[in-house]
Structure formats: C-alpha cells, structure tokens
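Next come the chains, spelled out residue by residue.
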Amino acid sequence: MRLFAAVLPPGSVTAELATATSALRELPGADELRWTARDGWHFTLAFMAEVDEGTVRDLTTRLERAAHRTPPFTLSLRGGGHFGDRALWAGATGDVAALRLLAARADAAARKAGVTMEEQHRHYRPHLTVARGRGEPDLKPYADALGSFEGTAWTVRELTLVRSNLPRSGVPGERPRYEAVGSWVLGGGVRVPGGAG
C-alpha cells in the first residue's frame with residue numbers, strides 16, 4: 001500500500017486556506033491547474049510509496065515512538081510558493097523546527113522499519129500543495145497572490161499515517177483518496193475525543 005506520514009491541519013485552518021485559494025481560481029489560466037481537494041490538504045513528513053503489509057506493524061510501532069518523543073508544537077499557514085511549474089503550495093510558520101524534527105523522525109522510523117524510501121533524505125521544506133501544473137500556466141502569479149495569506153495558529157498534537165488510494169477508474173480529473181490508517185499523540189499524551197490538530 002502507498003503510505004505517507006503527515007500532519008493534518010484542523011478544519012478551521014483548511015477553511016481559511018480554501019477562502020484564500022478560491023480567489024486564485026479566478027486568475028487567468030486557473031482552469032489549467034489540477035486543484036487539490038481540501039480534504040487532501042496535509043503536510044507530508046515522509047513519503048513511503050509502496051509498503052509491504054508485513055512491514056506495517058513495525059512501521060506503526062516506530063512512528064508511535066517518533067510521535068511520543070516529539071512534544072506538541074504550534075504552526076500556522078503563511079504565504080505561498082511553487083516548485084517550478086509542478087506544484088503551487090502554502091507555506092508554514094511557527095515552530096517549523098519542530099515540524100522538521102518530526103519529519104526527520106518519521107523518515108528514520110520508516111527506514112528502520114525496512115521501508116525503501118522513494119526520495120533521498122534531504123532538507124525538509126514544509127509545504128501544503130494546493131494545485132498541480134503541467135507547465136502552463138506559470139505558477140508564479142498564483143504564488144505571489146497567496147504571498148500575503150496568513151492563517152490562524154493551531155497546536156499540532158498528532159502524527160498521522162495516511163494511505164493514498166490512487167484513482168483506478170480512468171475518469172479525467174479523478175483524484176487520489178486519502179485514508180488515515182493510524183495516528184499517534186505527540187508527546188505521549190492522551191488523545192482527546194474530537195480534538196483537532
């Protein structure tokens with residue numbers, strides 16, 4: 001199964017970003033972009049691609065340890081940017097160092113569990129992808145328009161393991177479906193039912 005470790009922003013935070021990105025959809029060429037669905041917005045910490053079923057138990061044990069070793073921290077969405085002509089994203093501010101540490105721990109947990117990582121370990125750049133492009137239009141005007149966005153801060157309290165179910169129907173525009181398969185409270189605290197974070 002295709003898995004990744006992530007931080008999932010609460011609904012109130014993604015609602016603010018949805019309002020900001022709705023204005024971007026009015027810009028020239030916006031219909032050429034593939035806009036990511038709000039329920040798929042997340043900060044990927046470690047992308048694991050295909051993980052063998054037999055590895056999942058060890059992986060989840062190691063991710064739980066990584067979460068317990070990392071205290072809760074504060075983040076907010078701020079600004080935007082782009083990776084060439086491939087991805088338009090919203091950035092993060094707040095305790096980004098803690099987010100990077102959690103990403104490094106999630107990456108190490110996957111490697112120690114024997115997961116073959118698709119990407120080489122590199123400096124983690126926190127971003128939440130809002131749209132994908134294929135060379136047209138230029139993403140810089142969209143990133144500039146998102147540049148002044150600043151969302152409300154929230155406390156990150158969980159590390160989540162997410163399964164990515166790729167489209168199979170062949171219907172144009174169909175997107176991957178994301179399913180949380182596990183989550184662990186940061187700092188080893190007790191999960192509060194209905195708590196966001």
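Nothing here was measured: the structure is a model prediction, and the numbers come from that model.

Q: Whenever I open this one, the packing of aromatic side chains confuses me. Can you help?
A: The description of an aromatic ring pair rests on the distance of the ring centres and on the angle between the ring planes. This model, assessed by the stated rule, comprises 3 aromatic pairs. Ring centres 5.6 Å apart and planes at 85° place the aromatic pair Phe4 and Tyr178 in the edge-to-face group. Of the two residues, Phe4 is situated in strand 1 (residues 2-7) and Tyr178 in strand 9 (residues 177-185); the sequence distance between them amounts to 174 residues. Overall, the relative accessible area of 36% leaves Tyr178 in the partly exposed class. On the numbers, 5.5 Å between centres and 40° between planes, the contact of Phe83 with Trp89 is tilted. The class for Trp89 is buried, based on a relative accessible area of 7%.

Q: Would you mind showing me how to read helix 1 (residues 11-24) here?
A: Along an α-helix, residues three or four positions apart point the same way, because every turn accommodates 3.6 residues. For helix 1, with 14 residues, the first-to-last C-alpha span of 20 Å sits near the 20 Å given by 1.5 Å per residue. Val13, Thr14, Leu17, Thr21 and Leu24 are the residues of helix 1 that are buried. What you see down the axis of helix 1 is that its buried residues fit within an arc of 85°, all on one side. The exposed set on the far side of helix 1, more than 90 degrees from its buried face, consists of Ser12 and Thr19. In this structure, the buried side of helix 1 is in contact with strand 2 (34-35), strand 4 (73-83), strand 5 (87-94), strand 6 (128-132), helix 4 (140-146) and strand 7 (154-156).

Q: Explain a negative patch on the surface to me, please; I cannot follow it from the model alone.
A: Where like charges cluster on the molecular surface, the negative patch consists of Asp31, Glu32, Asp85, Glu136 and Asp138. Secondary-structure assignment places Asp138 in the loop between strand 6 and helix 4.

What counts and what doesn't
Residues numbered from 1 in each chain as written. Predicted model: local features only at pLDDT ≥ 70, side-chain atom pairs only at ≥ 80, totals over all residues. Heavy atoms only, no water. Phe/Tyr/Trp six-rings, centres within 6.5 Å; stacked < 30°, edge-to-face > 60°. Helix = DSSP H or I, 4+ residues; strand = E, 2+ residues; numbered from the N terminus. Buried < 20%, exposed > 50% of the residue type's maximum accessible area, 1.4 Å probe, protein only. Expected span 1.5 Å × (residues − 1). Arc of directions from axis to C-beta. Contact = heavy atoms within 4.5 Å. Patch = residues over 30% accessible without salt bridge, like charges linked within 9 Å, V, L, I, M, F, W, Y side chains within 5 Å. Areas by Shrake-Rupley, 256 points an atom, 1.4 Å probe, with all protein chains shown as cover. Salt bridge = Lys/Arg side-chain N within 4 Å of Asp/Glu carboxyl O. Lys, Arg positive; Asp, Glu negative; His and termini not counted. Charge placed at Lys NZ, Arg CZ, Asp CG, Glu CD.

In short, the description is geometric, and any link to function would need to be established separately.
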